Structure formats: structure tokens, C-alpha cells
Amino acid sequence: MAGKTETNGGGRSPFFYAGLILFAYAIIIALASTDAINSVTALILMVAPLGLVWPMMKAATRRIDSGGPGCFAKGEAQKRYMKRVAISTSLYLIALAAMTFGEKQYELTEPVRVVLATLPGLAIVGVFWAVGRLIIEEQDEFIRMLVIRQALIATGFAMSAASVWGFLETADIVVHLDAYWWAVVWFFGLFVGAVMNRIQYGTWGAA
Amino acid sequence: MKNRLKVLRAENDWSQQDLADHLGVSRQSVNAIETGKYDPSLPLAFKIADVFSLRIEDIFQWN
């Protein structure tokens, strides 16, 4: 796979923008956790990196259009998928920031807390929906097979991890994990599936 | 399953991308079929046969 700052078709790689976004959030979290900035400032700053989502999407689309370096499949379904994932991820960050900020700054009523606590989860549901739509909308049967394979590997990976961890947790051997972490493990499973696709079929599937 | 895709493509002086464009699929799909890593569905096999004006069994052989 290409390097993070590789140029492609006159622009930067989407991984360059993704790296910038992650770097910006790492800095903000570090500043907030060391009390260098207050939570209001952190909330405002957390919205700023979202401005990089648009150039990241443009860079990803450019790479898809150019066929990519043997990594990405060219197709409208893939473009829509990346756009949906970018939107869901942005909404997740906003919802997470709103929930954290609301809990810290205000005495919230129970219904408001329920709404705020539901929003980040719904944003993650948006990513699952995007993967489902990709499987439905992908017209290239080989690429569709790769995405389905990826999702099956991710599901097996996450369910296996959750089953083993659950019993270890019951036996008081490991610490309690909040349930949303299994979604994170599933996303990591997608990455594992992509690597397995690359090894077996020479291409990644869903980016 | 064996196939003659690479030979047929060479006879037409087509790249994998050219054939992919004719079939309306990705270059990765053509590469996977050509190298035997992926067997196409019946509709795609018919499409491939149509592009080369051949019968499916003239392109794909069961081994």
C-alpha cells in the first residue's frame, strides 16, 4: 500500500488527511487530559479537524478513479461507501463531544442524557449501514465477494473475541469492557479481512 | 477451472483494464479470473464469452 504522504493524480493521499485528523485529535485529547485546555475549548477544537474530512473524501475519490495502486476497486458504490463512512465518523465525533461536554458542564435530565448517550451509538450504526449498502450496491461481483468475506471475517473475529472475553470477565480474570468496544473489534476485524483479501486475492475489498 | 482469458486478451491486444472496461467490472476482477483465483458467475461468464464472440466452453474448461 502507498505511503501516507504519497501524491496521486496531483493531490495528497487520503491517508495523509486521515493521519492529520488522528494527529489533531491526539493533540486535543492530550491537552484536555492534562488540563491545559478546558472541556469547552476541547469541544470547539474537536470540531475543527472535521474540516479535513472533505479533502480526505476528495483524495479517496481521486484514488478510486485512478484505479489505485492495486488496492482499491473503481466504482460508484465504493465512493458512496467512503462518503457514508466519513459522514458517520464525523457525526460520531460530534455526538461523542456533545455527550462528554453535556455530562461535564450541565445537570442534565434523564431523557436528555438518554438522547445524548444514544447518539454516538447511532452514528456507529451508520457505519454498519454503510457496509450493508456497499454489499447491496456493489455491481462488481468479485469486489462484492471480497466485502462479504471481509464482513464475515470481522463478525467471526468480534464474536469470538466477545465470547472468550465474556467468560474471562465472568471469572474475574479480566476487566469489564463496555459493550461498544465489540464494535471497535469488529472494525478491526474488517481490517484483518482486508489484509486476508489482499494476501489471497491481491486486492483489499472495502477500503 | 482453467481459462484462456489471458491468451484471448493478448490476441485482441487488450490490457486487463481494457477487458474490464468492456465487461463493466474492475481490473482486479479480470486479474482474479485470469489467474484462476476467482470463478465468475454464469452471467459474467456469458458476458465474457459475448465480448470475445465465443462460447463459454471455448474460454473456460473444467479440470
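Residues numbered from 1 in each chain as written. Chains lettered and ligands numbered in written order. Predicted model: local features only at pLDDT ≥ 70, side-chain atom pairs only at ≥ 80, totals over all residues. Heavy atoms only, no water.

The subject of this paragraph is the overall build of chain B. Each helix and strand in chain B was counted, giving 5 helices and 2 strands. Across chain B, helices and strands are ordered from the amino to the carboxyl terminus as β-α-α-α-α-α-β. Its C-alpha atoms give chain B a radius of gyration of 10 Å, within 12% of the compact-globule value 11 Å for 63 residues. In terms of overall dimensions, chain B has C-alpha extents of about 25 × 20 × 20 Å along its principal axes. When the 63 residues of chain B are sorted by exposure, 43% land in the buried category. Considering only intrachain contacts with a sequence separation of at least 6, the fraction spanning at least 24 residues in chain B is 54%. Put simply, chain B shows about 3,600 Å² of open surface, and 50% of that area lies on carbon and sulfur atoms. One way to put it: in chain B the 8 positive side-chain charges average out to a point 6 Å from where the 9 negative ones average out. (Helix = DSSP H or I, 4+ residues; strand = E, 2+ residues; numbered from the N terminus. Rg over C-alpha atoms; globule rule 2.2 N^0.38 Å. Buried < 20%, exposed > 50% of the residue type's maximum accessible area, 1.4 Å probe, protein only. Contact = heavy atoms within 4.5 Å. Areas by Shrake-Rupley, 256 points an atom, 1.4 Å probe, with all protein chains shown as cover. Lys, Arg positive; Asp, Glu negative; His and termini not counted. Charge placed at Lys NZ, Arg CZ, Asp CG, Glu CD.)

Turning to the side chain of Ser-29 of chain B, a few remarks are in order. On the secondary structure map, Ser-29 of chain B appears in helix α3 (residues 27-34). On the basis of relative accessibility, which here comes to 0%, the residue Ser-29 of chain B falls in the buried class. In contact with Ser-29 of chain B, other than residues within four places in its own chain, are Asp-140, Phe-142 and Ile-143 of chain A.

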